[in-house]
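Residue strings, one per chain:
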Amino acid sequence: MNRFHEMAVFLAVAETQGFAAAARRLEMSAPTVTRSVAALERRLGALLLVRTTRSLRLTEAGERYAADCRRILEDVEQADDAAAGVMAAPRGALSITAPAFFGELHVMPVVLGYLRAHRDVSVRTLLVDRVVNLLDEGVDVAVRIGALPDSTLTAVPVGQVRRVVCATPGFLRQHGEPKDLDALPGFCTITAAMEGRGAQWRFQQDGQPRRLNVQSQLTVTSFQAAVLAACEGWGLTQVVSYQVARHLASGALQVVLRDFELPPLPVHVVYPEGRRSSAKVRSFVEFCVEALRRDLATLPG
């Protein structure tokens, strides 16, 4: 078994956290995968994995080796793609990440459309509400909302979304509409407090950012739940405009406090510098950028 294959087998075990799962991904038998990793550890003279009857975890040496394997195998794949030329047909595995709700609403339709046109590509999607390190986690393309930090990543702008406060027309008829931020405490509110984020609502007043500690009677841990409660007439909620786009378009929800909204949040398609030489990354980025620009341009204002 050559070294590149050993690396690929070990990396599959590290990423799937199991020999059986890695065997399924690689279409190999589990005993063959187990023997390959054991042979690799003997050759290196280092313990890469700690195995118990119920779990498997990487040692410190294993974590470093997995990161090196991922980088080396990606370099090999990019070299193959570059040698094949820019006209090479997209093929192989593609890993994509996006915020969970945005991914469900906007990225998954893009992925399905892309796969229909490229049968030799397989896609793994990671829809999570955290910033995924593309290089460390072996992700090819990300869709990100908000300002981007300086990095070596290539970012293509596709549109923008807003942070809005909304409620049902029925709620606003019954309770009135807040005219300024100081009026908010007098209204029933629903706050989506995600992990790692506070329960503050964010605004802009007199050209300066302002955060309010809204004491909501109802606090939830997902934006979907906040939108559902708002649609049921419970109260006001602050979400991102794409999360309520269809409700705003139908008139089920109505935006208030527009004069206090923060500047729109940019949306980018992001990929590591150099990955564009890969036919699968190049073709997906082009497909995704076109589709998302079209979708985001139709969001209610």
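Because the structure is a prediction, the values reported are computed rather than measured. (Residues numbered from 1 in each chain as written. Predicted model: local features only at pLDDT ≥ 70, side-chain atom pairs only at ≥ 80, totals over all residues. Heavy atoms only, no water.)

1. Here's the deal with the sheet that holds strand β11 (residues 218-220)
- In spatial order, the strands read β11-β8-β12-β7-β13; together these five strands make up an open sheet with mixed pairing. Here the strands that pair on one side only, and so sit at the sheet edges, are β11 and β13 (254-256). Taken over all neighbouring pairs, the strand axes of this sheet differ in orientation by 35° on average, direction set aside. (Pairing = 2+ DSSP bridges. Helix = DSSP H or I, 4+ residues; strand = E, 2+ residues; numbered from the N terminus. Axes fitted to C-alpha atoms, helices over the stretch in contact; angles between N-to-C directions.)

2. A short note on the packing of helix α1 (residues 3-16) against helix α2 (residues 19-26)
- At their nearest, the axes of α1 and α2 sit 8 Å apart, and the two run at 125° to each other. Taken together, α1 and α2 sit at an angle that is classed as oblique. Crossing of α1 over α2 shows right-handed handedness. Residue-level inspection shows A8, V9, A12, V13, E15 and T16 of α1 in contact with α2, the latter providing F19, A21, A22, R25 and L26.
- Its residues assigned to classes, the contact of α1 with α2 comprises eight nonpolar, one polar and two charged. (Parallel < 35°, antiparallel > 145°, perpendicular 65-115°, else oblique. Left-handed = near helix turned anticlockwise from the far one by under 90°. Contact = heavy atoms within 4.5 Å. Nonpolar A, V, L, I, M, F, W, Y, C, P; charged D, E, K, R; others polar.)

3. Examining unusual backbone geometry
- Notably, E27 is not glycine yet its phi reads approximately 60°, a positive angle.
- With respect to the helices and strands, the residue E27 is situated in the loop between α2 and α3 (30-44).
- In this structure, D206 is a non-glycine residue whose phi angle is positive, near 55°.
- Position of D206 relative to the elements: it lies in the loop between β9 (200-205) and β10 (208-213).
- Look at D206 and you get exposed, because its relative accessible area is 77%. (Buried < 20%, exposed > 50% of the residue type's maximum accessible area, 1.4 Å probe, protein only.)

4. Let's talk about the packing of aromatic side chains
- Under the counting rule described, the total for this entry stands at five aromatic pairs.
- Ring geometry for F102 versus Y242: centroids 4.9 Å apart, planes at 90°, classification edge-to-face. With F102 in helix α5 (residues 100-117) and Y242 in the loop between β12 (236-240) and α8 (245-250), this pair connects stretches of sequence that are 140 residues apart.
- Classification of Y242 by relative accessible area gives buried; the value is 6%.
- Centroid distance Y114 to F284: 5.2 Å. Interplanar angle 90°. Geometry classified as edge-to-face. Of this pair, Y114 sits in helix α5 while F284 is found in helix α9 (residues 279-297), placing the two residues 170 residues apart along the sequence. The two residues Y114 and F284 agree in class, both being buried.
- These aromatic residues form a ring-pair network of at least three members: F101, F102 and Y242. (Phe/Tyr/Trp six-rings, centres within 6.5 Å; stacked < 30°, edge-to-face > 60°.)

5. Points about the environment of T52
- Here T52 shows up in the loop between β1 (49-51) and β2 (56-58).
- Here T52 falls in the partly exposed class, since its relative accessible area comes to 46%.
- Separated by 153 residues in sequence, T52 and Q205 place their C-alpha atoms 56 Å apart.

6. Brief notes about the pairing of β9
- Bridge count for β9 against β10 is six bridges, and the pairing is antiparallel. Within the sheet, the bridge partner assigned to W201 lies in β10 and is L212.
- Between the end of β9 and the start of β10, which pair antiparallel, lie two residues, with D206 showing a positive phi angle near 55°.

7. As for the sheet that holds strand β6 (residues 153-161)
- Ordered in space as β4-β3-β5-β14-β6, the five strands form an open sheet in which the pairing is mixed. Strands with a single pairing partner mark the edges of an open sheet, and in this sheet they are β4 (121-127) and β6. Neighbour-to-neighbour, the strand axes of this sheet turn through a mean angle of 20°, independent of strand direction.
- Where strand β5 (residues 141-145) lies against strand β14 (residues 265-272), four bridges are found, and the strand directions are antiparallel. Within the sheet, the bridge partner assigned to I145 lies in β14 and is V267.
- Contacting β3 (92-98), β4, β5 and β14, α5 crosses the sheet at an angle of about 180° to β4.
- Where α9 meets the sheet, its contacts fall on β3, β4, β5, β6 and β14, and the angle it forms with β6 comes to roughly 20°.

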